[in-house]
Amino acid sequence: MAGEHQIAAAAALIRGGGLVAFPTETVYGLGANALDAAAVRRIYQAKGRPSTSPLIVHVESVEQAQALAAEWPEAATELARWFWPGPLTLVLKKSAAIPDEATGGLPTVGLRMPAHPMALALIRAAGVPIAAPSANRFTGLSPTLAEHVRASLGDEVDLILDGGPTVVGIESTVLSLAGEEPMLLRPGAVTRGELEARIGHVGVAAAPETGAAHASPGLHPRHYAPATRLILVEHVQTPSSGRGVYLAPGAGLPAEPRAYAAALYATLHELDQQHLDWIAVEQPPATPEWEAVRDRLARAAS
Ligand code: AMP
Ligand code: MG
């Protein structure tokens, strides 16, 4: 676990335009000063991520978030009160403080206050908001352990803060409040039902046009994928040839959706080391509590 002196060193790196990988409750992030365009460009270089994919800007307070948004609707106040700190990213019209580099050129910014003491301590110590996508190469599996970051981006980052395994294990829910009606851009740990209980009807974003700046990189059809071929199956219909592993709720992964999500990427990272021909994953039930997991599995299999 990173101590106080490490947080101070990491904060100094962030202020100096460096890259720091840090734990959040969802996955590990690859962070840079969100207000420094050159530092933000280093994130894209390190990940090999197209510059049209916007980043999530992490804040340590609602006040800091408000300073980065051009408009702060009532729904943002309500959702921040219920779900921050936590795995919910709010997309809002951006203020001039946010460089275009951080938003893939979009006029909106994704803002989130993470529920992880080390992440919050880092943002506070740095004194600036921290732009951070997941700390992995573009389209790859998100890291849920410091070791995953080291294996994928070890040479590219200035420092990795180790906070042990992340508890949520899949990326945040992304909700846009920048349009006419609230729109779910990416399902995540906070479910649509939980959002609707607070702000009423939430629409669903259509897949993006290719070539255009993506409204949400979470909408890329292939994303969150292991190197090994991942296939989605039903009723244990696994391939008849080759070497592989079968996963289902209660078989190689936990039966309960939250525990399943927390274990999913670490399990896939591990299986990826085994030079298998396939990983067969049983399609979980089409029920609300499995929505985020089903979304990630569909992209991993794409
Ligand atoms: P990652 O978790 O690395 O895939 O990256 C960040 C996530 O940020 C994406 O999946 C998007 O859903 C979200 N995001 C950040 N900023 C915006 C924005 N301005 N508009 C839409 N989505 C955003
Ligand atoms: Mg990612």
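Residues numbered from 1 in each chain as written. Chains lettered and ligands numbered in written order. Predicted model: local features only at pLDDT ≥ 70, side-chain atom pairs only at ≥ 80, totals over all residues. Heavy atoms only, no water.

Moving on: the packing of aromatic side chains. With the rule as written, the count across this model stands at two aromatic pairs. For the pair Tyr260 and Trp290, a centre-to-centre distance of 5.0 Å together with 85° between the ring planes defines the contact as edge-to-face. Of the two residues, Tyr260 is situated in helix H8 (residues 257-272) and Trp290 in the loop between strand E14 (278-282) and helix H9 (291-301); the sequence distance between them amounts to 30 residues. Taking the relative accessible area as the measure of exposure, Tyr260 reaches 0% and is therefore buried. Sitting above the plane of the Tyr224 ring, Arg296 keeps its charged end 5.1 Å from the centroid. (Phe/Tyr/Trp six-rings, centres within 6.5 Å; stacked < 30°, edge-to-face > 60°. Helix = DSSP H or I, 4+ residues; strand = E, 2+ residues; numbered from the N terminus. Buried < 20%, exposed > 50% of the residue type's maximum accessible area, 1.4 Å probe, protein only. Lys NZ or Arg CZ within 6 Å of the ring centre and 35° of its normal.)

Pairing is mixed across the open sheet formed by ten strands, whose spatial order is E7-E1-E2-E6-E3-E5-E4-E8-E9-E10. Taken across any chain shown, the strands that pair with only one partner, and hence form the sheet edges, are strand E7 (159-160) and strand E10 (203-204). With three bridges joining them, strand E1 (residues 20-22) and strand E2 (residues 29-33) adopt antiparallel strand pairing. Across the sheet, Phe22 pairs through a bridge with Gly29, a residue of E2. (Pairing = 2+ DSSP bridges.)

So, on to the environment of Asp295. Checked against the element boundaries, Asp295 lands in helix H9. For the pair Asp295 and Gly188, spaced 107 residues apart in sequence, the C-alpha to C-alpha distance is 8.8 Å.

In terms of residue burial, E14 counts as a mostly covered element, since five of its five residues are buried. Side chains of E14 alternate between two faces, with Trp278, Ala280 and Glu282 and Ile279 and Val281 buried alike. Pairing of strand E11 (residues 230-233) with E14 involves four bridges; the strand directions are parallel. Paired with Leu230 across the strands is Ile279, a residue of E14. Strand direction decides the pairing type here: strand E12 (residues 244-249) and E14, joined by four bridges, are parallel. Residue pairing in the sheet places Gly244 in a bridge with Trp278 of E14.

Attention shifts here to the environment of Ala259. Within the secondary structure, Ala259 sits in helix H8. Considered as a pair, Ala259 and Ala280 are 21 residues apart in the sequence and their alpha carbons are 19 Å apart.

Membership of the largest hydrophobic core comes to 46 residues, with the highest contact counts inside it found for Trp72, Trp84, Leu88, Leu90, Leu111 and Leu195. Listing elements by their share of this core, those giving two or more residues are E2, helix H2 (37-47), helix H4 (74-83), strand E4 (88-93), strand E5 (108-112) and helix H6 (146-153). Apart from the residues lying within four places of it in its own chain, the contact partners of Trp72 are Val62, Ala65, Gln66, Thr77, Ala80, Trp84, Leu92 and Leu111. Counting 23 residues, the second largest nonpolar core, distinct from the first, contains Ile170, Tyr224, Ala261 and Leu297. (Core = buried A, V, L, I, M, F, W, Y, C linked by side-chain atoms within 4.5 Å. Contact = heavy atoms within 4.5 Å.)

A separate point is helix H1 (residues 4-15). Every α-helix winds through 3.6 residues per turn, so residues three or four apart in the chain are directed the same way. With twelve residues, H1 extends 17 Å between its outermost C-alpha atoms, agreeing within 8% with the 16 Å of an ideal straight helix rising 1.5 Å per residue. When H1 is considered as a whole, its buried residues turn out to be Ile7, Ala10, Ala11 and Ile14. Looking straight down H1, one finds its buried side chains confined to an arc of 100°; they lie on one side. Contacts made by the buried residues of H1 are with E1, E2, helix H5 (117-126), strand E6 (130-131) and E7. Within two residues after H1, Gly17 carries a phi angle of roughly 90°, on the positive side. (Expected span 1.5 Å × (residues − 1). Arc of directions from axis to C-beta.)

Turning our eyes to something else, we now look at the confidence of the model for the protein. Detailed conclusions should not be drawn from predicted coordinates in areas where pLDDT is low. On average, residues of the protein score 94 in pLDDT, and 94% of them reach the 70 mark or higher. This model gives residues 209-213 a pLDDT under 50, and the stretch forms three contacts once residues within four places in sequence are excluded. (pLDDT = per-residue confidence, 0-100.)

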